[in-house]
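# Secondary and tertiary structure notes
The primary structure of each chain is shown beneath.
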Amino acid sequence: MERLQKVIAQSGYCSRRKAEELIEQGKVQVNGEVISELGTKVNYDDEISIMGNVINVKEDKVYYLLNKPRGIITSTTDEKKRKTVVDLIGTTKRIYPVGRLDYDTTGALLLTNDGELTNILIHPRHNIEKFYIAKVNGIPTKEELQKLSNGIKIDGFKTSPAKVKLRKMDKKNNISVIDIVIHEGKNHQIKKMFEAIGYEVIKLRRERFAFLDVKDLKSGEYRELTVKEVKQLYSLNNK
Ligand code: URA
């Protein structure tokens, strides 16, 4: 929510001062209702008209890369009032996560208010790479890992080829750590893929989304993308 005069000024219609005058003169309507009180808060999707003309409210686009901590839900709101990934970002803009990481999954998550870019990034046609590191119970055999990399049936759908590599094995504790790169984003995909070969994922981290990694961000830290990075993400549309 933002103050009405600020939103009008941001649209480029007039200055904030002039907007305040127009509001006080009863010339501004929000969703068809005259609003003459200064400081009324509006949303960027409210319809604002001035003397009968609807103005084009444009919110600046913002892009954040978050190193998502464990125990936070990937959503904009939560009915149980739990903290969401959006609450971790210091902005008043209406951002949302691009895709999803489970409550207990950590790592790279993009948040933005740019719907056009979001659609590009989540479209399966664009094959965006997602690199995960999974800690699993047990030590899968080469053949089992090969099944993951060939593609495996989960929920009646066959996953596309993945890059899979055993990073570490701890025979004593019967635990292994596996690198896996996938291009899709089905719900709980990595956990279900391992389940399909008989292993449980006990820790999951997304190390990289497209070319964006979170090596320089501590858990819960975030940064804005650079203009160059945003352009680079848009260019994935042409690949
Ligand atoms: N796959 C999963 O199982 N969980 C995630 O959070 C992301 C990918």
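Since we're looking at a predicted model, the values are computed, not measured. (Residues numbered from 1 in each chain as written. Predicted model: local features only at pLDDT ≥ 70, side-chain atom pairs only at ≥ 80, totals over all residues. Heavy atoms only, no water.)

Moving on to the overall build of the chain. Assigned secondary structure in the chain consists of six helices and 17 strands. A compact globule built from 239 residues should have a C-alpha radius of gyration of about 18 Å, whereas the chain, at 23 Å, is more than 25% larger. Its C-alpha atoms put the chain at 75 × 35 × 35 Å along the principal axes. For the chain, the proportion of its 239 residues judged to be buried stands at 45%. Long-range pairs, those at least 24 residues apart, make up 62% of the contacts in the chain with a sequence separation of at least 6. For the chain, the computed accessible surface area is about 13400 Å², with 46% contributed by carbon and sulfur atoms. Taken as two groups, the 44 positive and 33 negative side-chain charges of the chain have centres that lie 6 Å from each other. (Helix = DSSP H or I, 4+ residues; strand = E, 2+ residues; numbered from the N terminus. Rg over C-alpha atoms; globule rule 2.2 N^0.38 Å. Buried < 20%, exposed > 50% of the residue type's maximum accessible area, 1.4 Å probe, protein only. Contact = heavy atoms within 4.5 Å. Areas by Shrake-Rupley, 256 points an atom, 1.4 Å probe, with all protein chains shown as cover. Lys, Arg positive; Asp, Glu negative; His and termini not counted. Charge placed at Lys NZ, Arg CZ, Asp CG, Glu CD.)

What follows is about the nonpolar core. A general trend in soluble globular proteins is that nonpolar side chains are found buried together. In this structure, Leu111, Leu148, Ile180, Ile190, Met193 and Phe194 are the most contacted members of the largest nonpolar core, which totals 30 residues. In this view, Phe194 contacts Ala134, Val136, Leu148, Ile178, Ile180, Tyr199 and Val201; residues no more than four positions away in its chain are not counted. Counting 17 residues, the second largest nonpolar core, distinct from the first, contains Val214, Val230, Leu233 and Leu236. (Core = buried A, V, L, I, M, F, W, Y, C linked by side-chain atoms within 4.5 Å.)

Turning to the domain arrangement of the chain, a few remarks are in order. For the chain, the domain assignment lists domain 1 (2–54), domain 2 (63–124 + 212–238) and domain 3 (129–209). A C-alpha centroid distance of 52 Å is found between domain 1 and domain 3. (Domains from an automatic or database assignment.)

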